[in-house]
Protein chains: 8
Amino acid sequence: MTLNVYLSGEIHTDWREQITEGAQGLDIVFTAPVTDHAASDDCGVAILGAEDNKYWHDHKGAMVNAIRTRKGIEEADVVVVRFGEKYRQWNAAFDAGYAAALGKSLIILQQPDHDHALKEVDAAALAVAREPSQVVDILRYVLTGTLPC
Amino acid sequence: MTLNVYLSGEIHTDWREQITEGAQGLDIVFTAPVTDHAASDDCGVAILGAEDNKYWHDHKGAMVNAIRTRKGIEEADVVVVRFGEKYRQWNAAFDAGYAAALGKSLIILQQPDHDHALKEVDAAALAVAREPSQVVDILRYVLTGTLPC
Amino acid sequence: MTLNVYLSGEIHTDWREQITEGAQGLDIVFTAPVTDHAASDDCGVAILGAEDNKYWHDHKGAMVNAIRTRKGIEEADVVVVRFGEKYRQWNAAFDAGYAAALGKSLIILQQPDHDHALKEVDAAALAVAREPSQVVDILRYVLTGTLPC
Amino acid sequence: MTLNVYLSGEIHTDWREQITEGAQGLDIVFTAPVTDHAASDDCGVAILGAEDNKYWHDHKGAMVNAIRTRKGIEEADVVVVRFGEKYRQWNAAFDAGYAAALGKSLIILQQPDHDHALKEVDAAALAVAREPSQVVDILRYVLTGTLPC
Amino acid sequence: MTLNVYLSGEIHTDWREQITEGAQGLDIVFTAPVTDHAASDDCGVAILGAEDNKYWHDHKGAMVNAIRTRKGIEEADVVVVRFGEKYRQWNAAFDAGYAAALGKSLIILQQPDHDHALKEVDAAALAVAREPSQVVDILRYVLTGTLPC
Amino acid sequence: MTLNVYLSGEIHTDWREQITEGAQGLDIVFTAPVTDHAASDDCGVAILGAEDNKYWHDHKGAMVNAIRTRKGIEEADVVVVRFGEKYRQWNAAFDAGYAAALGKSLIILQQPDHDHALKEVDAAALAVAREPSQVVDILRYVLTGTLPC
Amino acid sequence: MTLNVYLSGEIHTDWREQITEGAQGLDIVFTAPVTDHAASDDCGVAILGAEDNKYWHDHKGAMVNAIRTRKGIEEADVVVVRFGEKYRQWNAAFDAGYAAALGKSLIILQQPDHDHALKEVDAAALAVAREPSQVVDILRYVLTGTLPC
Amino acid sequence: MTLNVYLSGEIHTDWREQITEGAQGLDIVFTAPVTDHAASDDCGVAILGAEDNKYWHDHKGAMVNAIRTRKGIEEADVVVVRFGEKYRQWNAAFDAGYAAALGKSLIILQQPDHDHALKEVDAAALAVAREPSQVVDILRYVLTGTLPC
């Protein structure tokens, strides 16, 4: 059994690396959005031409990024969405809703102070974790039946 | 042609009333989440029994509310999602993602200062409006082909 | 908003009547399996001809009953499944799994002594109730936003 | 033709081993839930933190297990569900209903004394077997067209 | 509960009338193909222009008829397919396969001398009846729970 | 049987009126895009604000129009697409492809000089008509089984 | 591009061999039902136990065979259905209907004297061939763009 | 992550070669229709027999070509549709509509003078490019996150 896992959300800490390194040796294919913030913001105009209007600048970029994120989510068995401490992170919640509607297994990674604000998102999830290592433990258990010591 | 329109998101201003009143006479069925904040927070424990742990208190409520919100979104032709000035509003972005994955026509109602933060959400929408009256104008145009004078 | 509610499971007590009576005045269409135990067991052979072998006697009946139960579940917004104190009730759990796979909102009605045995079923539900009156309270809240006093 | 076969249900006897050993040499990928009873019961709290309330203890575990069981069933061509002599086994019947709703080919493995109680489950199946060896014979026939001597 | 029932197959006897008359008073909407044999054969060329080649003459008619038959089958809850004594009736078997793939409840109406030839079709059905009155009895039971005296 | 018919394509002649008038008395609900050319071109900016760039001017309008056209096509049983003598009419062909992918019954209304250019579109259709009256004849036949005299 | 091709229908001539041999070197995976007539008829009782009643004897076999045929059809890109000169071949027409409802590309292989009887089946096909070699030519063209010399 | 990309539309220039060569080294599987114009026009009659009537000559070819194009589009993650300067290119717009209805990521490749005529098509796309090299840049960014220098 190969697990396809999409890692959505916060891009300012190394949580994706913690998970992919912790999961070494497991039969998992990880995918993720482009996490280079500048490239992600500017990909639309850098490739398809500049826009005077910031709205359309953003729009072109968001649509190009959607090619990757939708494929990632649609092919995933498990979608992990991390909410960080800062920023509004509406794209993270959007991805969670998108994944939920497609029936994906959803794991939310967030701190307790966001529990109330994330209650509708958490209610669609199969697990709410606090640490990347817990996500690794879940993935290992799902694939091998082994619990952490 | 009857249009089913689900009004998701911010519950602290009267934008839903502005839209439903503005749309009087049009063949539209509006649905929405429970907008009584206290009832929405406590419905789980009020009906199914108290919880010591605040997390599960919230969880039970969020799951009961999901019965209504999922039916509303799944039966909608158009999902309008309003992002207000305050709070994190992750449930609004979650609903937008859920609706997008189901292929619903999405209208986002938000102010320009959120344009950058909402760019992924907007990229999945067929219209981004600033005022409730614009949503009414869209719905009237969609149903009757009439533009505002 | 009209809610279609399918009442699956235990057929030996009057829980369906309690719910339908408690929900009077709400915009709900209730459906249910045939609850006449003898008719339900014998419908296949009574209509399509006797069978020597008890297995095929049961089989013909179960297939005729499936015409009704599948339509009921497939058209439902909410599927309520009650597990009683007696019998194996595998058809109730089967209906719950069937409804879960179709993405229906699931309410399980059962006593606490079955919590452990039903944990996989409960994990697919949006509410676990102990009394029929709680199911009525949920349905009323979903439709009207009103909590019990 | 590679056949994906999910082996659901009873976890107290070696029926899964009998099938996988009997099917050696056939082009089959077998999957199954975690069959370590203690790990399966405790995986939620072992990974995600303890719960005071036994209900939520069970709930967290059942949801983590669902990540594996849903992937297993959704990717299967054939779902074999075994009902043993003991326990209520509602999760087995739930899996059967889930698989039936997804249109999977269902094989039920059970003893004749359960025929009446399982008639609705059996009516959704393409085969009802009594012995693991019969399941092997079906799988071999499906893949190779060869009947047992 | 309103049942949508599509009556497919043999068009040379009055079995459709027997069923619709027998089912008077039940909440059923019956649909069927055009049963005027000549009109059904010639509808394509009569409306869209003559064809020299008999193959395309038939083709144009079959495609126009498909507008009606596909709508009928796709909106049906129950598809009844009658196989008569004469002709090859491949369109009846085609409709049965089409309905089966869409997950419709299938009732086959046929005489025992065709049992072996129809075994694959019957295996996809929830009931195999010999007389139109049995189909009426099934529909009445499904809707009202009442068995024939 | 009520037929939902969407009339897509050319907006410069009165073919829609010919069909709806010819079909009077038949149980048909007709829908169509907004056929006021100026309103259709400008709806985006008229409601949501002007754009300096003509591309985004058009884009905003096309997205608002999509709310109506997608609902129309998705709810249709039959999609009629007319190709006129002038203009490129790529939106007509787009609608035909969209309808085909959703499995709608497609009727193409076009003149013979376009046969070769439309061969891929015609190959997805159940009828290719030359005159609006033929579309009426098809719809009457589908609903009543009556051929033109 | 790998093409999955299911070869359904007549089992008394070597048309499958002609196609698979003719298609050597092309990137095609062929599947087919069990074509050993005796095994196909008896597989149910040979594996799952004898039946006194011939109807259930046939039924058990048809259901076991359905495990293979449904997987074959559901995974196919192209379903070829051959109608021979003899027998009623309702299972072939059933497979064609099943494949059509799933949106598979259908190729019918039949002689002209069956054209009228097969007109509804042919109307759902993308090609009607007379000889196995024509099926090979189609498959080669689809994969390589090469026409027969 | 492997990207499946279908290249639809104009067949008279070398844009497909420009894209496939530019994308060398990227993990992409490209598919396309048969681009040999003569073979594409005549494939139906060359394989399945001549037709006197040009309409059916074209029809047989278009249906054989549909076997390839539908598989290509249905398996694609990204569908690129190029509109050239000449011809009506309704099949290109048809493919775009077909891909849009299936939820594929759509990239349109066209010159600015077609912007108004293609506005409905562009509104369904995630990117509108002017040059094949921009398509390559998008695909590289989607797969690697790297922007052009």
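See the structure above.
This one's a predicted model, so the numbers in the text were calculated from it and none came from an experiment. (Residues numbered from 1 in each chain as written. Chains lettered and ligands numbered in written order. Predicted model: local features only at pLDDT ≥ 70, side-chain atom pairs only at ≥ 80, totals over all residues. Heavy atoms only, no water.)

Novice: Would you take a moment to explain the overall build of chain A for this structure?
Specialist: Of regular secondary structure, chain A possesses six helices and five strands. The helix and strand sequence of chain A, counted from the amino end, reads β-α-β-α-α-β-α-β-α-β-α. Whereas a compact globule of 149 residues would reach a radius of gyration of roughly 15 Å, chain A reaches 16 Å, a difference of no more than 12%. If you take every contact in chain A between residues at least 6 apart in sequence, the share linking residues at least 24 apart comes to 61%. Each charge class in chain A can be summarised by its mean position, and for the 13 positive and 22 negative side chains these summaries are 3 Å apart. (Helix = DSSP H or I, 4+ residues; strand = E, 2+ residues; numbered from the N terminus. Rg over C-alpha atoms; globule rule 2.2 N^0.38 Å. Contact = heavy atoms within 4.5 Å. Lys, Arg positive; Asp, Glu negative; His and termini not counted. Charge placed at Lys NZ, Arg CZ, Asp CG, Glu CD.)

Novice: How should I be thinking about the packing of aromatic side chains in this particular structure?
Specialist: Describing an aromatic ring pair means giving the distance of the ring centres and the angle of the ring planes. The full count for this structure, using the stated rule, is 28 aromatic pairs over all chains. The interplanar angle of 55 degrees and the centroid separation of 4.9 Å between the aromatic rings of E:W90 and G:F83 together place this pair among those described as tilted. With E:W90 in helix α4 (residues 90-101) and G:F83 in the loop between β3 (78-82) and α4 (90-101), this residue pair bridges two chains. Across the pair, exposure class does not vary: E:W90 and G:F83 are buried alike. An aromatic cluster is built from A:Y55, A:W56, F:Y55 and F:W56, whose rings are joined through pairwise contacts. (Phe/Tyr/Trp six-rings, centres within 6.5 Å; stacked < 30°, edge-to-face > 60°. Buried < 20%, exposed > 50% of the residue type's maximum accessible area, 1.4 Å probe, protein only.)

Novice: Explain the relation of the copies chain A and chain B here, please?
Specialist: Relating one copy of the chain to the other requires a rotation about an axis plus a shift along that axis. When chain A is fitted onto chain B, the two copies agree to an RMSD of 0.0 Å after a turn of 180 degrees and an axial shift of 0.0 Å. Within this description, the copies of the chain are treated as partners about a two-fold rotation axis. Residue by residue, 100% of the interface of chain A is reproduced at the interface of chain B, so both copies engage with the same surface. (Least-squares fit on C-alpha atoms with pLDDT ≥ 70 in both.)

Novice: Looking at this structure, how should I read the environment of H:H57?
Specialist: Residues and elements named next belong to chain H. Within the fold, H57 resides in helix α3 (residues 54-74). Residues H57 and G103, spaced 46 residues apart in sequence, show a C-alpha to C-alpha distance of 32 Å. Among all residues touching H57, those that are not within four sequence positions of it are D41, D42, V45 and E51.

Novice: For this particular structure, what's the right way to read the interface of chain D and chain A?
Specialist: Many descriptions give the size of an interface as the accessible area lost when the pieces come together. Opposite the 16 residues of chain D that make contact, chain A presents 22 residues. Its largest share of buried area at the contact with chain A, chain D owes to D:I47, D:I67 and D:K71, together 40% of the area lost on that side. Inspection of the region where chain D meets chain A yields one salt bridge. In this structure, D:K71 engages A:D77 in a salt bridge whose closest nitrogen and oxygen atoms are separated by 2.9 Å. (Buried area = accessible area lost by both parts, 1.4 Å probe. Salt bridge = Lys/Arg side-chain N within 4 Å of Asp/Glu carboxyl O.)

Novice: Explain the sheet that holds strand β4 (residues 105-109) of chain B here, please?
Specialist: Strand pairing in a sheet takes place through backbone hydrogen bonds and is either antiparallel or parallel in direction. All names here are of chain B. What the five strands build is an open sheet, ordered β2-β1-β3-β4-β5; its pairing is parallel. In the strand order of this sheet, the two ends are held by β2 (28-31) and β5 (127-129), each with one partner. Going from strand to strand, the sheet's axes swing by 20 degrees on average, the running direction of each strand aside. Summarising the sheet, β4 and β5 pair through three bridges and their orientation is parallel. (Pairing = 2+ DSSP bridges. Axes fitted to C-alpha atoms, helices over the stretch in contact; angles between N-to-C directions.)

Novice: Even after reading the chapter, I still don't get the relation of the copies chain D and chain A, so can you show me in this structure?
Specialist: Aligned on chain A, chain D shows an RMSD of 0.0 Å; the corresponding rotation is 90 degrees and the shift along the axis is 0.0 Å. Given the turn and translation reported, the copies of this chain are related as if by a four-fold rotation axis. For chain D, the minimum C-alpha distance to the rotation axis belongs to D:E75 and amounts to 8.9 Å.

Novice: Which parts of the structure should I look at to understand the pairing of strand β2 (residues 28-31) of chain A?
Specialist: For a regular strand, side chains alternate in direction, first toward one face of the sheet and then toward the other. All names here are of chain A. Where strand β1 (residues 3-9) meets β2, four bridges bridge the pair, whose relative direction is parallel. Directly across from N4, in β2, lies its bridge partner V29. Crossover connection from β1 via helix α1 (residues 15-22) to parallel β2: handedness right-handed. (Right-handed = clockwise from strand over helix to strand, strands pointing away.)

Novice: Teacher, can you tell me more about the interface of chain A and chain B here?
Specialist: Across the boundary between the two partners, chain A contributes 36 residues, which contact 36 residues of chain B. Regarding the contact of chain A and chain B, the summed buried area is about 3200 Å², with carbon and sulfur atoms giving 64% of it. When the buried surface of chain A facing chain B is broken down by residue, A:Y55, A:W90 and A:F94 rank first, second and third, together holding 24% of it. The tally of links between chain A and chain B comes to two salt bridges. Residues B:K119 and A:D41 are paired through a salt bridge, measuring 3.1 Å at the closest nitrogen-oxygen approach. Put simply, chain A and chain B have 12 residue pairs in polar contact (both at pLDDT 80 or more) between them. Tallied by class, the residues present in the side of chain A that touches chain B amount to 19 nonpolar, six polar and 11 charged. (Polar contact = N/O pair within 3.5 Å; in protein donor to acceptor, adjacent residues only side chain to side chain. Nonpolar A, V, L, I, M, F, W, Y, C, P; charged D, E, K, R; others polar.)

Novice: Even after reading the chapter, I still don't get the arrangement of the chains, so can you show me in this structure?
Specialist: The two partners chain F and chain G share no contact, and the minimum distance between any of their C-alpha atoms is 8 Å. In this assembly chain D lies apart from chain H, the nearest approach of their C-alpha atoms being 18 Å.

Novice: How should I be thinking about the pairing of strand β4 (residues 105-109) of chain D in this particular structure?
Specialist: Residue and element names in this part refer to chain D. When you tally the buried positions in β4, you get five out of five residues, the bulk of the element. Burial along β4 is two-sided: S105, I107 and L109 facing one way and L106 and I108 facing the other are all buried. Note: strand β3 (residues 78-82) against β4, five bridges, orientation parallel. Considered in β4, the bridge of R82 is made with L109.

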